[in-house]
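Letter by letter, the chains look like this.
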Amino acid sequence: MSTSAPAVRFQSVYKAFIARERAAQPILALEDISFVANPGEFVSLVGPSGCGKSTCLNLVAGLTAPSAGLVEHQGARVSGVNTKVGYITQDDNLLPWRSLVGNVELGLEFRGVPAPERRRRARELIDVVGLIGFEHHYPHELSGGMRKRASIVRTLVYDTDVVLMDEPFGPLDAQTRVILQAELQNLWQRSRPSVLFVTHDLVEAIALSDRIIVFTNRPGTIKREYRVDLPRPRDIFHIHETPGFSDLYDALWADIRAEIGAAHAPVAGERIA
Amino acid sequence: MGLGNGARVTAVGERIALPRPPADAAVRVLEDTLTRRQATLRARRRTVWLARLGILVGVIVAWELSSGTLVRTFFVSRPEAVAARLVEWTLNGDLFWHGQFTLTATFIGYMVGALAAILLAWPLGLMPRAYRVAEPYILLAYSIPAVALGPVFILWFGLELLPKIILAAYFVFFVVFINTVAGFRQVPRGLIDVSLVMGASRAALFRTVILPSAVPYVLAALRATLPAAMIGAVVGEFIASNRGLGYLASAAASEYETDGVIAAAFVMAVIVLALTVLLRPLGRVTRWQRGVDVSEGSL
Amino acid sequence: MTADAAGAVVAGAVDRQRRTVRADRAIVSAGIVGLGVGALLFWQFALGLIIDTRYVSTPLEIARSIVALAADGSLLRNAQATLGEVTIGYLIGVGIGLAGALLLLMSTGGYEILEPYLLAFYSIPKIALAPLLTMWFGLGPTPKVVLAALMVFFIVFINTVAGVRAVDRSLVDVVRVMGARRLTTLRVVLLPAAAPAIAAAIRVTFARAMVGAVLAELIASSEGLGYLVMRASRQFDIASMFAGVVVIASIVMVVNLVIAAAERRLFPWASGTVHG
């Protein structure tokens, strides 16, 4: 693992799908995607729905393979399931039959970490997100925010150098979202992994990221990249008042709005076939 | 209903115990609401139970009065004749003697059928392609009405216990099989993907994700099929046998003893009901789960 | 330039995927055919080495027996008898099940009062009544029709009631606020919302009607497919016995396919699950 290699590198990546039904039309989800995420960098991917942002994460996790191009993790080509990254999916995907602590320990268990150490590391992170007292609750006994916290620490507990997050705060209410964003920033600063973070929420992207990559409509291409130079640690709760925030927000929103407008224009389907 | 009531009481109680004590007027409103609600619920429950009891008594009385007047006694017998027959069978030991054969066939058939189904469904549930190959034949076998095979089994295995066991097992097999396969196949893709990325080996994936996810389906099927096993055994006894509860019923029918037929049907119904109630906890054995439905009924 | 590159990528991906899907389908189809043919060949030629053919017959003999039964008209006659009983019993069961459910749903508190009886009657094996029915109605078609109807009635009844009761309360409240009365609510909201559950119940019950009729025929009858099987069994004519079983299973399968197709046409939006 050389320090010079980027944590994640996309080089001219294309991804095409065809649904299983007989007459299904092929869909080009990603077109000529090239970008890198550097070690310790927090990168957000934003763009209209269906633009292939989540597909990018699946490619890094090795759950799907590119149709053309190269996806690298720590300088090595990703082929097959990539167990060296952490993946926090949109659904919390907690195992319903395991208690909170059992779920948090899961990755360590798969990695053969002995039980006492597992327990210690799990408890430590459960404590950081304030869930002590709920360790033995089952997922259906926890609130949405608690489950989300659990799914985040479950991935962070085994310390990967890259963490993928797919709209982790999507279904939460506005207050819980902001609180969890602040908690995520704290957790991230403890071990500083590279993060690829997919979101629809521009405020969230600005508040958390070092860099924001804007995708176009399907087929997803990279429209623009923005560097977020706001100093860290950031005050997530008052991020709106930070100097420089509104300019960045306006620029991002102008890009996105153009894409949403394009989606409704009649030419949208043109490039698919 | 009782549960809903209890929950409401606590809710009101919590309200009263707010940090800031509510004004007297508010307390009165809360208490009034509570007492009124309890009174309505109590009255409603009383009416319902009285109506239920009324129906039961009404049916028995109507049966008694109409027998021999509106309907010939041959068709419906009389309540006291059926009761007398039940007492007679209990006292002379017929009930237990015949019951033991039916129940033995039921339980052995149940275990054989369930075990065979799980052992076959396990590999097929984990190998999607093998399952797709087997699927049309399983559906084919499933659409053979089990009763039509009764004579086949009797011919093959004689008049003793064995054909009844096989019929009982056959009644159990498909429901358990289909639900077990479904249990293995329905594991959410997301759970599997996340576990794989976390580094789960094949064995670990099976142990921690697939098996626990399938167990509720299997248990629900096991719960639903014990009565079916009994029905299988009884069908076997109807078709050909010289003992068992099914024989008791068909023997009475061939003698035109209506009270005996009704009494035997009553006993079977009670046993099936008892088995259903007995296995009800099987559906929810653990704290984490919320129960699974099996789409298959009693025959 | 990018448009060309993208086109090539899509074409390549599509091609690869099509090839995998085609290969996969070919393997499965070959497996299905192979398994079926293999089993038939085994039965025809090898099973006799293990078990006396007198007990298991052979596929060819069974086919021959089906042809013979068809030729002398007894197959058609008995199939007609059974189908008649099943169809009438099925229609009666569905009709009474629906009507009873509607009556119960329109009454106030009716469900609550009847609930324990419904549950008890639901779990009672209807098959246990077969001897009673043959005793009452003799050898003719009546006991078969009644048992078929009984097997169907309750599933339709309970699924209709359960389906309607499972409809989202707020849906009902909305039309109530708009001024709908009880009957209108039932017609406009409750029944359409429950339709998939009801339709699924109606679909799965045909096989049950067949079970009821065939069982009654096995116990006591002078015609019908169950009678055919039973007679063959008494004469130790294994081939005819299997011929009867094959015909019964085929009827159930064909009718199931027809009903399922009709259901998909009528309720394209729904794939209901059945309770019971």
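This is a predicted model, so every value here is computed, not measured. (Residues numbered from 1 in each chain as written. Chains lettered and ligands numbered in written order. Predicted model: local features only at pLDDT ≥ 70, side-chain atom pairs only at ≥ 80, totals over all residues. Heavy atoms only, no water.)

Visitor: Explain the overall build of chain C to me, please; I cannot follow it from the model alone.
Guide: If you tally the helices and strands in chain C, you get 11 helices and zero strands. A compact globule built from 276 residues should have a C-alpha radius of gyration of about 19 Å, whereas chain C, at 25 Å, is more than 25% larger. Principal-axis analysis of the C-alpha atoms places the extent of chain C at approximately 85 × 75 × 30 Å. With 276 residues in all, chain C has 46% of them scored as buried. The long-range share in chain C, meaning contacts at least 24 apart out of those at least 6 apart in sequence, stands at 75%. Total accessible area on chain C stands at roughly 13400 Å², and carbon and sulfur atoms take up 69% of it. (Helix = DSSP H or I, 4+ residues; strand = E, 2+ residues; numbered from the N terminus. Rg over C-alpha atoms; globule rule 2.2 N^0.38 Å. Buried < 20%, exposed > 50% of the residue type's maximum accessible area, 1.4 Å probe, protein only. Contact = heavy atoms within 4.5 Å. Areas by Shrake-Rupley, 256 points an atom, 1.4 Å probe, with all protein chains shown as cover.)

Visitor: Which parts of the structure should I look at to understand the packing of aromatic side chains?
Guide: Ring pairs (aromatic) are described by centroid distance and by the angle formed between their planes. Scanning the model with the defined rule gives 25 aromatic pairs over all chains in all. Judged by centre distance (5.7 Å) and plane angle (80 degrees), the ring pair of Trp 43 of chain C and Phe 242 of chain C falls under edge-to-face. Residue Trp 43 of chain C is located in helix α1 (residues 2-50), and its partner Phe 242 of chain C is located in helix α11 (residues 238-266); the two are separated by 199 residues in the primary sequence. Trp 43 of chain C gets classed as partly exposed once you look at its relative accessible area, which sits at 22%. What makes Phe 242 of chain C buried here is its relative accessible area of 11%. Directly above the aromatic system of Trp 49 of chain B lies the positively charged group of Arg 52 of chain B, at a separation of 4.6 Å from the ring centroid. When the ring centre of Phe 101 of chain B is taken as origin, the NZ or CZ atom of Arg 243 of chain B, which lies over that ring, is 4.2 Å away. (Phe/Tyr/Trp six-rings, centres within 6.5 Å; stacked < 30°, edge-to-face > 60°. Lys NZ or Arg CZ within 6 Å of the ring centre and 35° of its normal.)

Visitor: When you look at the interface of chain C and chain A in this model, what are you seeing that I'm missing?
Guide: Note on interface size: it is often stated as the accessible area lost on association of the parts. Counting from both sides, the interface comprises 13 residues of chain C and, opposite them, 13 residues of chain A. In total, chain C and chain A occlude about 1100 Å² of area from one another, counting both sides; carbon and sulfur atoms represent 60% of this. The largest share of the area that chain C buries against chain A comes from Val 9, Val 10 and Gln 17 of chain C, three residues that together contribute 38% of it. On the surface where chain C and chain A come into contact, there are zero salt bridges. For the pair chain C and chain A, the interface holds one residue pair in polar contact (both at pLDDT 80 or more). (Buried area = accessible area lost by both parts, 1.4 Å probe. Salt bridge = Lys/Arg side-chain N within 4 Å of Asp/Glu carboxyl O. Polar contact = N/O pair within 3.5 Å; in protein donor to acceptor, adjacent residues only side chain to side chain.)

Visitor: Explain the sheet that holds strand β6 (residues 85-88) of chain A to me, please; I cannot follow it from the model alone.
Guide: By definition, the strands of a sheet pair up through backbone hydrogen bonds, in either a parallel or an antiparallel sense. Residues and elements named next belong to chain A. Read across the sheet, six strands follow the order β6-β7-β8-β3-β9-β10 without closing on themselves; strand pairing throughout is mixed. Here the strands that pair on one side only, and so sit at the sheet edges, are β6 and β10 (222-227). Pairs of neighbouring strands in the sheet enclose a mean axial angle of 15 degrees, with direction left out of account. As judged from the five bridges shared by strand β7 (residues 162-166) and strand β8 (residues 194-198), these two strands associate in the parallel manner. Residue pairing in the sheet places Met 165 in a bridge with Phe 197 of β8. Against the sheet, helix α4 (residues 144-156) touches β6 and β7, its axis set at about 175 degrees to β6. (Pairing = 2+ DSSP bridges. Axes fitted to C-alpha atoms, helices over the stretch in contact; angles between N-to-C directions.)

Visitor: For this particular structure, what's the right way to read the side chain of Thr 199 of chain A?
Guide: All names here are of chain A. You can see Thr 199 is positioned in the loop between β8 and α6 (202-208). Look at Thr 199 and you get buried, because its relative accessible area is 2%. At a separation of 2.8 Å, a polar atom in the side chain of Thr 199 contacts the side chain of Glu 204. Beyond its immediate sequence surroundings of up to four residues, Thr 199 is in contact with Leu 45, Val 46, Gly 47, Lys 53, Glu 167, Glu 204 and Ala 205.

Visitor: Would you take a moment to explain the packing of helix α9 (residues 182-219) of chain C against helix α10 (residues 225-234) of chain C for this structure?
Guide: What describes two packed helices is the angle between their axes and the distance between those same axes. Residues and elements named next belong to chain C. Direction vectors running N to C along α9 and α10 enclose 40 degrees, while the axes themselves pass 7 Å from each other. With respect to α10, the axis of α9 lies oblique. When you trace α9 past α10, the crossing you get is right-handed. Two secondary-structure elements touch here, α9 through Val 214, Glu 217 and Leu 218 and α10 through Leu 225, Gly 226, Tyr 227 and Met 230. (Parallel < 35°, antiparallel > 145°, perpendicular 65-115°, else oblique. Left-handed = near helix turned anticlockwise from the far one by under 90°.)

Visitor: Where do I start with the domain arrangement of chain B in this structure?
Guide: Partitioning chain B into domains gives domain 1 (23-66) and domain 2 (78-286). Computed from C-alpha coordinates alone, the two centres of domain 1 of chain B and domain 2 of chain B are separated by 39 Å. (Domains from an automatic or database assignment.)

Visitor: Honestly, the pairing of β7 of chain A in this entry has me stumped. Any pointers?
Guide: Two faces make up the sheet, and in a regular strand the side chains alternate between them. All names here are of chain A. The buried fraction of β7 amounts to five of the five residues, a majority that puts the element mostly inside the structure. Covered by surrounding structure in β7 are Val 162, Leu 164 and Asp 166 together with Val 163 and Met 165, the residues of both alternating faces. As paired elements, β6 and β7 share four bridges and run parallel to each other. Counterpart to Ile 88 in the pairing with β7 is Met 165. A crossover links β7 with its parallel partner β8, the connecting element being helix α5 (residues 174-191), and its sense is right-handed. (Right-handed = clockwise from strand over helix to strand, strands pointing away.)

Visitor: Please clarify how the side chain of Arg 154 of chain A should be interpreted in this entry.
Guide: Tracing the chain through its elements places Arg 154 of chain A in helix α4. We note that Arg 154 of chain A is buried and unpaired, the nearest opposite charge coming from Asp 92 of chain A at a distance of 6.6 Å. Looking at Arg 154 of chain A, its side chain comes within polar contact range of the main-chain oxygen of Asp 92 of chain A, at 3.2 Å. For Arg 154 of chain A, the residues in contact, after removing those within four places along its chain, are Asp 92, Asn 93, Leu 94, Leu 95, Asn 103, Val 104 and Leu 106 of chain A together with Val 194 and Met 198 of chain B. (Lys, Arg positive; Asp, Glu negative; His and termini not counted.)

Visitor: How should I be thinking about the sheet that holds strand β1 (residues 8-18) of chain A in this particular structure?
Guide: Residue and element names in this part refer to chain A. Sheet architecture is open: four strands sit in the order β2-β1-β4-β5, paired in antiparallel fashion. A strand with exactly one partner marks an edge of an open sheet, and here the two such strands are β2 (26-37) and β5 (76-77). Together, β1, β2 and β4 (68-73) form the strand contacts of helix α1 (residues 53-61), whose direction differs from that of β1 by roughly 110 degrees.

Visitor: Help me understand the interface of chain C and chain B in this model?
Guide: Facing the 53 residues of chain C at the interface are 51 residues of chain B. Interface area for chain C against chain B, summed over the two sides, is near 4600 Å², with a carbon-plus-sulfur share of 76%. Remark: the boundary between chain C and chain B carries two salt bridges. Close ionic contact of Arg 132 of chain B with Asp 24 of chain C constitutes a salt bridge, the shortest N to O distance being 2.8 Å. Residue assignment for the side of chain C that touches chain B shows that the elements contributing at least two residues are α1, α2 (53-56), α5 (110-123), α6 (130-137), α9, α10 and α11 of chain C. No other element matches the nine residues that α5 of chain C contributes to the side of chain C that touches chain B. Among the residues forming the side of chain C that touches chain B, the class breakdown is 42 nonpolar, six polar and five charged. (Nonpolar A, V, L, I, M, F, W, Y, C, P; charged D, E, K, R; others polar.)

Visitor: Which parts of the structure should I look at to understand α4 of chain A?
Guide: Every α-helix winds through 3.6 residues per turn, so residues three or four apart in the chain are directed the same way. Over its 13 residues, α4 of chain A extends 19 Å from the first C-alpha to the last, a length consistent with the 18 Å expected when each residue adds 1.5 Å. Most of α4 of chain A sits inside the fold, with 11 of its 13 residues counted as buried. Looking at the buried side of α4 of chain A, the elements it contacts are β6, α2 (100-110), α3 (115-128), β7 and α5 of chain A together with α9 (189-197) of chain B. (Expected span 1.5 Å × (residues − 1).)

Visitor: Please explain the packing of α6 of chain C against helix α7 (residues 142-165) of chain C as it appears in this structure.
Guide: Residues and elements named next belong to chain C. Interaxial distance between α6 and α7 falls to 8 Å at its minimum, and their mutual angle equals 145 degrees. The chirality of how α6 crosses α7 is right-handed. For the pair α6 and α7, the contacting residues are Ala 130, Leu 133, Thr 134 and Phe 137 in the first and Thr 142, Pro 143, Val 146, Leu 147 and Leu 150 in the second. Residues belonging to the contact of α6 with α7 are distributed by class as follows: seven nonpolar, two polar and no charged.

Visitor: Sorry if this is basic, but what is going on with the pattern of salt bridges here?
Guide: Close approach of charged atoms allows side chains with opposite charge to pair. In the structure shown here, the tally under the stated rule is 27 salt bridges over all chains. Here Arg 118 of chain A makes a salt bridge to Glu 105 of chain A, at a shortest N to O gap of 3.4 Å. Note that Arg 118 of chain A is positioned in helix α3 and Glu 105 of chain A in helix α2, a separation of 13 residues in sequence. Like Glu 105 of chain A, Arg 118 of chain A is buried. Here Arg 78 of chain B makes a salt bridge to Glu 64 of chain B, at a shortest N to O gap of 2.9 Å. Taken together, the residues span a long stretch of sequence, with Arg 78 of chain B in the loop between α3 (73-76) and α4 (79-92) and Glu 64 of chain B in helix α2 (residues 24-66) at a distance of 14 residues. Here Glu 64 of chain B falls in the partly exposed class, since its relative accessible area comes to 25%. Through salt bridges with shared partners, a single ionic network connects Arg 85, Glu 88, Glu 257 and Asp 259 of chain B.

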